[in-house]
Amino acid sequence: MRSLDHAIGTVDKRVTLQIVDTLRDIAGPGNVFFGPADAERLEPYAHDETVGLRAEPEAVVRVTSADQISKILRLAQREQIPVVPRGAGHGLSGGAVAVHGGIVLSTERMNRILEIDEENLMVVVEPGVITGDIHRAVEQRGLFYPPDPASLDSCTIGGNIAENAGGPRAVKYGVTRHFVCGLEAVLPSGQIITCGGKLVKNVTGYDLVQLLVGSEGTLAIVTRIILRLIPLPRVQIDLLVPFDDFEAAADTVSDIIAHRIIPTTIEFMERDSVLAVEKLLKKEMPYRDAAAQLLIKLDGNHRESVEADLHLVGELCLGHQARDVLVARDSRNRDRLWEARRSIIDALNHASPVNHMEDVVVPRAELPALLEGIRSIAAQHEVRIISFGHAGDGNVHVNVLKDQIADARWDALVPVVAEQVYQLTLSLGGMITGEHGIGFLRSRYLPMALEDAQIQVMQRIRAAFDPEGILNPGKIFPLGAEASATDPGPLCTRS
Ligand SMILES: Cc1cc2nc3c(=O)[nH]c(=O)nc-3n(C[C@H](O)[C@H](O)[C@H](O)COP(=O)(O)OP(=O)(O)OC[C@H]3O[C@@H](n4cnc5c(N)ncnc54)[C@H](O)[C@@H]3O)c2cc1C
C-alpha cells in the first residue's frame, strides 16, 4: 500500500507531545496511542476496508463519553489539529482514514445499549455498538431493527449513521435514516447538542437529525442514538433463483416490482462471484453454472399472504426462464442460500487482492441497462468486472479485478473505468454511490454528480458547523485544485 503522506488544507498543524499529554489527561493514558512506541497499536487505525488506501494517524484516542469528545474537539480547535471520527473502520470509501493526519477519535469503547423502550418502540444506543448486537438484543424482545448492512457483525451503528448505511432489507424497509429519531452529537466547537427524541413526529426547526445522518463524520460526532423499532415479522421465506440468461435475471427484478410486490430483499449475483465464493470456501455452491442468481426474501405476519407472494414471485421468475426456484422456510436452509452472497466481498478480495469497487445506484427499472453497459465497459477494456448487490433497490457493487494486469496499466485503467461507470450511471438517472459514501475515495468525482450550486450549499453547511475545518477534512468535497475527475490521484494504488 502507498501512504498518503501529503497534507493539504488549512488544519495541518502537527500533534505535539504536549497535546498528547492533554489527550491522556482527558481519556486516560491507556487510551491514547502515539509515536513509534505505539506503532503496532496505531497500525489498525491507518486504514478502513477501502483497498489501497492508507494514512497513518498521528494519534489515536479511544473515548468513552460525549464529555471527553467535547474536550478533545475544543483542544483540536485551539491547536488546529484535524480530528477523524471512527467506528469499526469497516467503511468502503476511506471516511475513517486520517488523510490529513491528526487525531483518530475511536468510539469503539462507547458500546452500550442504553435502553430498549418497549412502550415507545425505540432503542437508545451509544455509537460504538456493533449493529448486529442491536439486532440480536431487540429481536429477543420480538422487535425489529431492519437496516442490515452485510458488514453488520463488524461495523458500528455510529458508522452506519454517518454513512446512512443500507443493506439487503432496504427494498422493503428503507435505510438507516428511516429509523433514526434522535441524536446527541458534539459539534466541532465542543458544544453538545440533542436533536429529536423518542418522537414519531417533529417539525421543530430544521431537521438536524436527518442532516447528520449521512454526513460522513464531517459535521459533528454522534454520541447517542435513538432508533425506531417495529414488530419482528413472524414469517420469512427465502428463494434462490438461478437464471441461464443474465438479462433475464435483471428483467425479473423490474417485473416483480411492476407487479406491486415489494420483497424484503432482492439480491443479485453473477456467476463469476459465485465461483469466487466457491474458491474461498472450498465447496460447491448450488447452481454454480447459472449466469446469474437472484436471492429474494419475503416476510410478513401472516403465512397465507407471504405464501401468496411467494407463489406469484415464483411464477414471474419461471416466466422469465428461471432454471429453478429453491425455497427455504427455516433458518438452517436460509443460511445455506445466503452463504454465497455473504461471502462475496471476501471472495473477490481473495480472487484478486487488488480490485476496485464502485457502489452505483440507478432507478430500479434501469438495472438491466446498467448491467448491460457495465459488461460493454468490461469488454472494451478487456478487464474482469464482477457485479453483485442490492438489485431490488438499484444499488450495484461493481468490482473491477486487477488479476494479471500490469501495474502501470492498472493505475491508468481504474480512473477511466470508474469515470465511464459513473457517466453510464448518471445518464440513467442514477448517483455515484448508494450506500458506501463519497468519503475520500470519490470526493474528486462529486462535481460529476452534483451541480455547483448544490456543492456550494453543502460546503456552506459544513462551514456553519465547522468554520475551522477540523472535523474529517478531505472527505466528501474535492480538494480544490488538486481534485480532477480525470486525475487518477493518490487512491488508484496497489495493495
Ligand atoms: C464486507 C463488507 C460489507 C459491507 N456491506 C455493506 C452494506 O451492505 N451496506 C452498507 O451500507 N455498507 C456496507 N459496508 C460498508 C460499511 O460497513 C458501512 O459503511 C458501515 O456503516 C461502516 O461502519 P464503521 O463502524 O465501520 O464506520 P467507519 O469505517 O469507522 O467510519 C465510517 C464513517 O463514519 C464516520 N463515523 C464513524 N463513527 C462516527 C460517529 N460516532 N459520529 C460521526 N461520524 C462517525 C467516520 O468518520 C467515517 O466517515 C460493507 C463493508 C464491508 C467491509
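About the cut-offs
- Starting afresh in each chain, residues are numbered from 1 along the sequence in its written order.
- Totals for whole chains, interfaces and linings use all residues, but because this is a predicted model, local features are given only for residues with pLDDT of at least 70 and pairs of side-chain atoms are given and counted only at 80 or more.
- Labels follow the DSSP assignment, with helices taken as runs of H or I lasting at least four residues and strands as runs of E lasting at least two, numbered in each case from the N terminus.
- Think of it this way: build a C-beta for each residue from its backbone, and any pair within 7 Å is a contact.
- Here exposure depends only on C-beta density: within 10 Å of a residue's C-beta, 20 or more other C-beta atoms make it buried, 12 or fewer make it exposed, and intermediate numbers make it partly exposed, the C-beta atoms being placed from the backbone.
- Strands are labelled as partners when DSSP assigns at least two bridges between them.
- Interaxial angles span 0 to 180 degrees and are taken between N-to-C directions of axes, which are lines fitted to C-alpha atoms, for helices over the stretch in contact.
- Convention used here: angles under 35 degrees read as roughly parallel, angles over 145 as roughly antiparallel, angles from 65 to 115 as roughly perpendicular, and any remaining angle as oblique.
- Any residue that is not Ala, Val, Leu, Ile, Met, Phe, Trp, Tyr, Cys, Pro, Asp, Glu, Lys or Arg is counted as polar, Gly included; the first ten are nonpolar and the last four charged.
- Nearness is defined per residue: the C-beta atom, placed using the backbone, must lie within 6 Å of the molecule or strand.
- Expected helix span is given by 1.5 Å per residue-to-residue step, counting one fewer step than there are residues.
- The arc under discussion is defined with respect to the helix axis, by the directions toward the C-beta atoms.
- Take the far helix as your reference; a near helix turned counterclockwise from it by less than a right angle gives a left-handed crossing, and one turned clockwise gives a right-handed crossing.
- Domain delimitation follows an automatic or database domain assignment.

S.K.: Which residues make up the overall build of the chain, and what values do they have?
M.R.: If you tally the helices and strands in the chain, you get 15 helices and 18 strands. Across its three principal axes, the chain shows a C-alpha extent of roughly 70 × 60 × 45 Å. Once local pairs closer than 6 in sequence are excluded, the contacts in the chain between residues at least 24 apart make up 74%.

S.K.: I'd like a rundown of the environment of Met285, residues and numbers included.
M.R.: Tracing the backbone shows Met285 in the loop between α9 (271–281) and β14 (292–300). Residue Met285 is classed as buried on the basis of its C-beta count, with 20 C-beta atoms lying within 10 Å. Sequence-wise, Met285 and Arg336 are 51 residues apart; in three dimensions their C-alpha atoms are separated by 9.1 Å. When residues no more than four places from it in sequence are discounted, the contact partners of Met285 are Val274, Val277, Glu278 and Ala340.

S.K.: I'd love a proper account of the sheet that holds strand β18 (residues 395–401), names of residues and values included.
M.R.: Within the open sheet, the seven strands sit side by side as β15-β12-β14-β13-β17-β18-β16. Their pairing is antiparallel. Each of the sheet's edge strands pairs with one partner strand only, and the pair in question is β15 (326–328) and β16 (355–361). Across the sheet, the mean angle separating the axes of adjacent strands is 15° when strand polarity is ignored. Taken together, the three bridges between strand β12 (residues 235–243) and β15 define a ladder with antiparallel strand orientation. Directly across from Leu239, in β15, lies its bridge partner Val327. Packed on one face of the sheet, helix α8 (residues 246–258) meets β12, β13 (265–270) and β14 and runs near 20° to β14. Each of β16 and β18 is contacted by helix α13 (residues 407–427), which is oriented at about 10° to β16, the strand it contacts most.

S.K.: Before we move on, can you summarise the packing of α9 against helix α11 (residues 331–351) with the specific residues and values?
M.R.: Taken N-terminus to C-terminus, the directions of α9 and α11 make an angle of 80°; their axes are 8 Å apart at the nearest point. Of the possible angle classes, the one that applies to α9 and α11 is roughly perpendicular. Two secondary-structure elements touch here, α9 through Ser273, Val274, Ala276, Val277, Lys279, Leu280 and Leu281 and α11 through Ala340, Ser343, Ile344, Asp346, Ala347, Leu348, His350 and Ala351. Class assignment of the residues belonging to the contact of α9 with α11 gives a composition of 10 nonpolar, three polar and two charged.

S.K.: Which residues make up the site of the ligand, and what are the values?
M.R.: The full set close to the ligand counts 37 residues, and Gly87, Gly91, Gly95, Gly159 and Gly217 are the nearest of them. Partitioning the shell around the ligand into residue classes produces 14 nonpolar, 16 polar and seven charged.

S.K.: Report on helix α12 (residues 367–381), specifying residues and quantitative values.
M.R.: An α-helical segment advances 3.6 residues per turn. Residues three or four places apart therefore align on the same side. If you check α12, its first and last C-alpha atoms are 21 Å apart, about what 15 residues at 1.5 Å a residue would give, namely 21 Å. For α12, the full list of buried residues reads Leu367, Leu370, Leu371 and Ile374. Around the axis of α12, the buried residues are gathered within 95° of arc, so they sit on the same side. Turned more than 90 degrees from where α12 packs its buried face, Ser376, Ala379 and Gln380 sit exposed. Buried residues along α12 sit against α8, β17 (384–390), β18 and α13. Phi turns positive, to about 50°, at Glu382, one or two residues after α12.

S.K.: Before we move on, could you go through the packing of α8 against helix α10 (residues 303–319) and cite the residues and values that matter?
M.R.: Contact pair α8 / α10: the axes reach a minimum separation of 10 Å and the direction vectors enclose 145°. The handedness of the crossing between α8 and α10 is right-handed. Every residue of α10 that contacts α8 at Thr252, Asp255 and Ile256 is listed here: Val313, Leu316 and Cys317. For the contact of α8 with α10, the residue count by class is four nonpolar, one polar and one charged.

S.K.: Pulling in residues and values, what's your account of the environment of Asp238?
M.R.: Secondary-structure assignment places Asp238 in strand β12. Asp238 sits 87 residues away from Val325 along the chain, and the two C-alpha atoms are 9.9 Å apart. The residues contacting Asp238, other than those within four sequence positions of it, are Lys297, Ala328, Arg334 and Leu337.

S.K.: How would you summarise the domain arrangement of the chain if you had to cite specific residues and measurements?
M.R.: Looking at the chain, the domain boundaries give domain 1 (1–232) and domain 2 (234–345). Computed over C-alpha atoms only, the centres of domain 1 and domain 2 are separated by 34 Å. Across the boundary between the two partners, domain 1 contributes five residues, which contact seven residues of domain 2. Along the lines of polarity and charge, the residues of the side of domain 1 that touches domain 2 split into three nonpolar, no polar and two charged.

S.K.: Give a detailed account of unusual backbone geometry, specifying residues and quantitative values.
M.R.: Phi is positive for Arg260, which is not a glycine, with a value near 65°. A tally of 7 C-beta atoms within 10 Å means that Arg260 is categorised as exposed. The phi dihedral of Lys282 falls on the positive side, at around 55°, and the residue is not glycine. The topology assignment puts Lys282 in the loop between α9 and β14.

S.K.: So what's going on with the sheet that holds strand β1 (residues 32–34)? Which residues, and what values?
M.R.: Read from one edge to the other, the open sheet built from four strands follows the order β1-β2-β4-β3, with strand pairing classed as mixed. In this open sheet, the two strands that pair with only one neighbour each are β1 and β3 (83–86). Each adjacent strand pair in this sheet contributes to an overall mean axis angle of 20°, direction not counted. With three bridges connecting them, β1 and strand β2 (residues 59–62) associate as antiparallel partners. Residue Phe33 lies in a different strand from β2, and its bridge partner there is Val60.

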